[in-house]
Amino acid sequence: MFLGTYEPVLDDKGRLILPAKFRDQLANGLVLTRGQDYCLSVYTVSAFEELLAKLQQAPVTYKEARIYSRVFTSGANDQIPDKQGRITIPASLRQYAGLSKELTVIGSGDHVEIWDRKKWDEFLVQNESSFADREEELIPGVF
């Protein structure tokens, strides 16, 4: 499980040192791809394969499912972190997420998200009050 918030920097070669808490879970390989809200999502290989299997269950006649699957998988990049726990974020994914040098990396349960720090801070400002003020169940029976 991935939890917590970290603030690493992106080096001049587009490399990110993964937070120490995440390295063991990602050491054998990961898949980096486009995420929702213009962040990047990082999955273990097995979690990515499970998600991909679910996506492939949608009928090919569902246009929205085809579009989502194409965008999601076309940006996917599989890699193994180096001995220092670094991964290289391809230029196309850096551009998609608008990444600058300062990043925020968050654990989102089954995956990791990589955000430009300024965009993450703006996201929190825009969304924390709706989280704190929630009066109805978001997912019935869960919370």
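What you are looking at is a predicted structure, and each value in this text was computed from that prediction instead of being measured.

Engineer: Would you take a moment to explain the pattern of salt bridges for this structure?
Structural biologist: Between side chains of opposite charge, pairing is possible as soon as their charged atoms come close. On inspection of all chains with the given rule, the structure shows four salt bridges. With its nearest N and O atoms 2.7 Å apart, the salt bridge here joins D11 to R15. The closest approach of N and O atoms between E102 and R117, which form a salt bridge, is 3.8 Å. Residue E102 is located in the loop between α4 (91–97) and β7 (103–107), and its partner R117 is located in helix α5 (residues 117–132); the two are separated by 15 residues in the primary sequence.

Engineer: I would appreciate a short explanation of the sheet that holds strand β5 (residues 77–79) in the present structure.
Structural biologist: What links the strands of a sheet is backbone hydrogen bonding, and the strands pair in either a parallel or an antiparallel sense. Judged by pairing direction, the sheet is antiparallel, and its six strands sit side by side in the order β1-β7-β8-β4-β3-β5 without closing on themselves. Of all the strands in the sheet, the pair left with one neighbour each is β1 (5–6) and β5. As paired elements, strand β3 (residues 30–34) and strand β4 (residues 40–44) share five bridges and run antiparallel to each other. Bridging across to β4, T33 finds its partner in S41. Those strands touched by helix α2 (residues 45–55) are β3 and β4, and its axis lies near 105° from that of β4.

Engineer: In this structure, what is going on with unusual backbone geometry? I would like to understand it.
Structural biologist: Leave glycine aside and you will find that most residues have negative phi; peptide bonds, for their part, are mostly trans. The backbone of D37 sits at a positive phi, close to 60°, despite the residue not being glycine. Mapped onto the secondary structure, D37 falls in the loop between β3 and β4. For D37, a relative accessible area of 52% puts it in the exposed group.

Engineer: Which parts of the structure should I look at to understand the pairing of strand β8 (residues 112–116)?
Structural biologist: Among the five residues of β8, five are classified as buried, and the element is accordingly described as predominantly covered. Every second residue of β8 is oriented toward a common face, with V112, I114 and D116 on one face and E113 and W115 on the other, all of them buried. Alignment of β4 against β8, held across three bridges, turns out to be antiparallel. Paired with S41 across the bridge in β8 is E113. In the sheet, β7 pairs with β8 via five bridges, with the strands oriented antiparallel. Within β8, the residue paired with V105 across the bridge is I114. Linking β7 to β8, which pair antiparallel, is a turn of four residues; within it G109 sits at a positive phi near 80°.

Engineer: Can you help me understand the side chain of D116 in this one?
Structural biologist: Tracing the sequence through the fold places D116 in strand β8. No salt bridge is formed by the buried D116; the nearest opposite charge belongs to K119, separated by 6.3 Å. A distance of 3.2 Å separates a polar atom in the side chain of D116 from the backbone nitrogen of K118. Non-local contacts of D116, meaning those with residues more than four positions away in its chain, are made with A97, G98, L99, S100, E102, L103 and T104.

Engineer: Looking at this model, I keep getting lost on the environment of G75. Mind explaining?
Structural biologist: Of note, G75 is situated in the loop between α3 (63–74) and β5. Along the sequence, G75 and G35 sit 40 residues apart, while their C-alpha atoms lie 9.6 Å from each other.

Engineer: Would you take a moment to explain the environment of V71 for this structure?
Structural biologist: Its location among the elements puts V71 in helix α3. For the pair V71 and G35, spaced 36 residues apart in sequence, the C-alpha to C-alpha distance is 9.6 Å.

Engineer: What is the right way to read the pairing of β4 from this model?
Structural biologist: The side chains of a regular strand alternate, first on one face of the sheet and then on the other. With five of five residues buried, β4 is to be regarded as a mostly interior element. Neither face of β4 is open: one carries L40, V42 and T44, the other S41 and Y43, and all of them are buried. Hairpin connection between β3 and β4: a loop of five residues separates the two successive antiparallel strands, and D37 in this loop has a positive phi of roughly 60°.

Reading the values: rules and limits
- Residues numbered from 1 in each chain as written.
- Predicted model: local features only at pLDDT ≥ 70, side-chain atom pairs only at ≥ 80, totals over all residues.
- Heavy atoms only, no water.
- Salt bridge = Lys/Arg side-chain N within 4 Å of Asp/Glu carboxyl O.
- Helix = DSSP H or I, 4+ residues; strand = E, 2+ residues; numbered from the N terminus.
- Pairing = 2+ DSSP bridges.
- Contact = heavy atoms within 4.5 Å.
- Axes fitted to C-alpha atoms, helices over the stretch in contact; angles between N-to-C directions.
- Buried < 20%, exposed > 50% of the residue type's maximum accessible area, 1.4 Å probe, protein only.
- Lys, Arg positive; Asp, Glu negative; His and termini not counted.
- Polar contact = N/O pair within 3.5 Å; in protein donor to acceptor, adjacent residues only side chain to side chain.

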